[in-house]
There are 2 protein chains.
Amino acid sequence: MALHDRIRTEIEGQILSGTLQPGDKVPSELELMAHYGCSRMTVSKALTALSGAGLLQRRKRAGTVVAPRPTETMVLDVPDLAVEIARRGQAYRFQLIGRDIRPPRPEDELDEGLARAGLLLFVRGVHSADDEPIAYEERFISLTAVPEITEADFSVESPGSWLLRHIPWTEAENRIGAVGAHPDWAARLNIAPGTACLSIERKTWRGDERITLVRQKFVAGSFELVARFGAA
Amino acid sequence: MALHDRIRTEIEGQILSGTLQPGDKVPSELELMAHYGCSRMTVSKALTALSGAGLLQRRKRAGTVVAPRPTETMVLDVPDLAVEIARRGQAYRFQLIGRDIRPPRPEDELDEGLARAGLLLFVRGVHSADDEPIAYEERFISLTAVPEITEADFSVESPGSWLLRHIPWTEAENRIGAVGAHPDWAARLNIAPGTACLSIERKTWRGDERITLVRQKFVAGSFELVARFGAA
DNA sequence: CAGTGGTCTAGACCACTGA
DNA sequence: CAGTGGTCTAGACCACTGA
């Protein structure tokens, strides 16, 4: 283990164990140099890493203190559905229901970014695993941002997988909730209207440019999101 | 902007724009030193940061290459419910339904870590906003890990807020899905059995020690999780 | 204005590993 | 075995900012 890793780990341990409380002052770089008998670059590397992880706050002249509270942010796995289903050992299929090129409409309830994007590709379809439908999807794609998608064949590949391969997003926002199945698409999933479904709405960007908005409804029990935080 | 930041940003830009494709070789540290006219520590700082962010993979002798695909991990905000509701300007309340100290039972469907933890505090209750119930919660807390929680007053503060204040977790795992309301608790939420609910199961650890398992059911529409990725 | 962190240099030795 | 990254040193100059 490198020395800078050892320094980082020891200070991290004192924070997690509560020996160092939020607001407590951490020794200055000079003091840590003396304590560990190393150069300033080495302690700086450890402290910079802890600061980047949100455990420390550093201010010139004032020194380094333990950050108020570890931010409760988590890592959420949002896998490509096709990949995830294949990983379960099931046969993935995307069944296209409809595909239109048209301007945005008020009832689409789009965000500003897409509503102003000009022509959209509107795609609807069903994701299935071993021929069992598990999710209904409605997707809007900005043709300004992705003109070449008009050539894509969605009987071979889902729109999501196609986009991931051709123009991976750099920013995304997901909204996750629950919803009773709507009559318009309940039949597509072989469920009764009102049945509980997991609802995911995802917006993606590439830099400043809006790419796509997708709304997916998963049959309850068919799909779970997992979010982990920490060393695991 | 520091030089190492500029180097990092330029390489990052080439990856995000597609100029550098996954698998492509990035110039070696020596080449970058010559290109930017700086020392090796400076280019190393930039490359180490990009490697830590998952955009580059570095191997000795083989050099540095663009990573296969930016990992699709997202930052998920999992706020304290009390804080979140207060932020909306609503009055938060936790109504305790039951509180027992007992050993684990098979029907609890606990994970190994808690099932072996010895005595548990089992708490049930309802979270409400402006006296409207929005979530039902069942929680198991390891008394081995948190003996002092027997003194807590859950008419003042929810078990979740109490735990956050007293022994914040260091690791957590969330499972997020949808479920139809069960007759046992549907009435607590003033909804009909079978109504769609968002289901969150969260396990937390403090270091190696299992702390709590909580299962929450949110009335559809009352609560959304938001996950963001990228610069936003 | 003195202490702190932010950044950078010009070296060094080493471990790894693929040509 | 030669090129690469991983780590570290002993300095340096600077910007910031709170005592």
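Note that the structure is a prediction, hence the values are computed from the model and not measured.

K.L.:
Explain the protein's contact with DNA strand D to me, please; I cannot follow it from the model alone.
P.N.:
By nearness alone, 24 residues border DNA strand D, and Leu3, Ser39 and Thr42 of chain A together with Arg40 and Arg58 of chain B come closest of all. Atoms of DNA strand D within 4 Å of the protein: sugar and phosphate make up 57%, bases the balance. Interatomic distance of 2.7 Å between a side-chain N/O atom of Ser39 of chain A and a phosphate oxygen of DNA strand D. For DNA strand D, a sugar or linking oxygen lies 3.3 Å from a polar atom in the side chain of Arg61 of chain A. Taken together, the elements giving at least two residues each to the surface near DNA strand D come down to α1 (3–17) and α3 (40–52) of chain A together with α3 (40–52), β2 (56–59) and β3 (63–66) of chain B.

K.L.:
Would you mind going over the protein's contact with DNA strand C with me for this structure?
P.N.:
Lining the immediate environment of DNA strand C, one finds 25 residues, of which Arg40 and Arg58 of chain A together with Leu3, Ser39 and Thr42 of chain B sit closest. Backbone atoms, meaning sugar plus phosphate, form 58% of the atoms of DNA strand C positioned within 4 Å of the protein. At a separation of 3.0 Å, a phosphate oxygen of DNA strand C approaches a polar backbone atom of Glu29 of chain A. Take Arg40 of chain A: an N or O atom from its side chain is 2.6 Å from a base nitrogen of DNA strand C. Looking at the surface near DNA strand C, the elements that each hand over two or more residues are α3, β2 (56–59) and β3 (63–66) of chain A together with α1 (3–17) and α3 of chain B. In terms of residue count, α3 of chain B provides more of the surface near DNA strand C than any other element does, four residues in total. Per-class residue counts for the surface near DNA strand C are six nonpolar, eight polar and eleven charged.

K.L.:
I'm lost on the relation of the copies chain A and chain B in this one. Help?
P.N.:
Put simply, the two copies of the chain differ by a rotation about an axis and a shift along that axis. Of the transformation placing chain A onto chain B, the axial shift is 0.2 Å and the rotation is 179°, giving an RMSD of 0.3 Å. Put plainly, the chains are arranged around a two-fold axis. For chain A, the minimum C-alpha distance to the rotation axis belongs to Ala196 of chain A and amounts to 2.1 Å. In this assembly the copies share their binding face: 100% of the residues contributing to the interface of chain A also contribute to that of chain B.

K.L.:
Would you take a moment to explain the side chain of His127 of chain B for this structure?
P.N.:
Residues and elements named next belong to chain B. Mapping His127 onto the fold places it in strand β6 (residues 120–129). For His127, a relative accessible area of 2% translates into the label buried. The residues touching His127, leaving out its near neighbours within four places in the chain, are Leu81, Tyr92, Arg93, Phe94, Glu132, Pro133, Ile134, Ala135, Glu137, Ser158 and Gln216.

K.L.:
Sorry if this is basic, but what is going on with the pattern of salt bridges here?
P.N.:
This structure, assessed with the given rule, holds 28 salt bridges over all chains. With its nearest N and O atoms 3.2 Å apart, the salt bridge here joins Asp131 of chain B to Arg93 of chain B. Of this pair, Asp131 of chain B sits in the loop between β6 and β7 (132–142) while Arg93 of chain B sits in strand β5 (residues 92–102); the two residues are 38 residues apart in sequence, bridging distant segments of the chain. A relative accessible area of 41% means that Arg93 of chain B is categorised as partly exposed. Glu157 of chain B is paired through a salt bridge with Arg165 of chain B; the nearest N and O atoms lie 2.8 Å apart. Take Glu157 of chain B: its relative accessible area is 18%, and that puts it in the buried class. The exposure class assigned to Arg165 of chain B is exposed, which follows from its relative accessible area of 57%. Through salt bridges with shared partners, one network takes in Asp5, Arg8 and Glu12 of chain A.

K.L.:
Help me out: how do you make sense of the side chain of Glu29 of chain B in this one?
P.N.:
Inspection of the secondary structure puts Glu29 of chain B in helix α2 (residues 29–36). Aside from chain neighbours lying at most four places away, what touches Glu29 of chain B is Arg40, Val43, Ser44, Leu47 and Arg58 of chain B.

K.L.:
Looking at this structure, I do not really get the domain arrangement of chain A. What am I missing?
P.N.:
Many authors give the size of an interface as the accessible area that is lost as the parts come together. Under the domain assignment used here, chain A contains domain 1 (3–66) and domain 2 (75–228). Taking the mean C-alpha position of each, domain 1 of chain A and domain 2 of chain A sit 44 Å from one another.

K.L.:
Would you mind going over α1 of chain B with me for this structure?
P.N.:
All names here are of chain B. The end-to-end C-alpha separation of α1 is 21 Å, in line with the 21 Å expected for 15 residues at 1.5 Å each. Among the residues of α1, those classed as buried are Ile7, Ile11 and Ile15. Projection of α1 onto a plane perpendicular to its axis shows the buried side chains occupying an angular sector of 70°, all on one side. For α1, the secondary structure elements touched by its buried residues are β1 (25–26), α2, α3, β2 and β3. The positive-phi residue at the C-terminal boundary of α1 is Gly18, with phi of around 95°.

Thresholds applied
- Residues numbered from 1 in each chain as written.
- Chains lettered and ligands numbered in written order.
- Predicted model: local features only at pLDDT ≥ 70, side-chain atom pairs only at ≥ 80, totals over all residues.
- Heavy atoms only, no water.
- Near = heavy atom within 4 Å.
- Polar contact = N/O pair within 3.5 Å; in protein donor to acceptor, adjacent residues only side chain to side chain.
- Helix = DSSP H or I, 4+ residues; strand = E, 2+ residues; numbered from the N terminus.
- Nonpolar A, V, L, I, M, F, W, Y, C, P; charged D, E, K, R; others polar.
- Least-squares fit on C-alpha atoms with pLDDT ≥ 70 in both.
- Contact = heavy atoms within 4.5 Å.
- Buried < 20%, exposed > 50% of the residue type's maximum accessible area, 1.4 Å probe, protein only.
- Salt bridge = Lys/Arg side-chain N within 4 Å of Asp/Glu carboxyl O.
- Domains from an automatic or database assignment.
- Expected span 1.5 Å × (residues − 1).
- Arc of directions from axis to C-beta.

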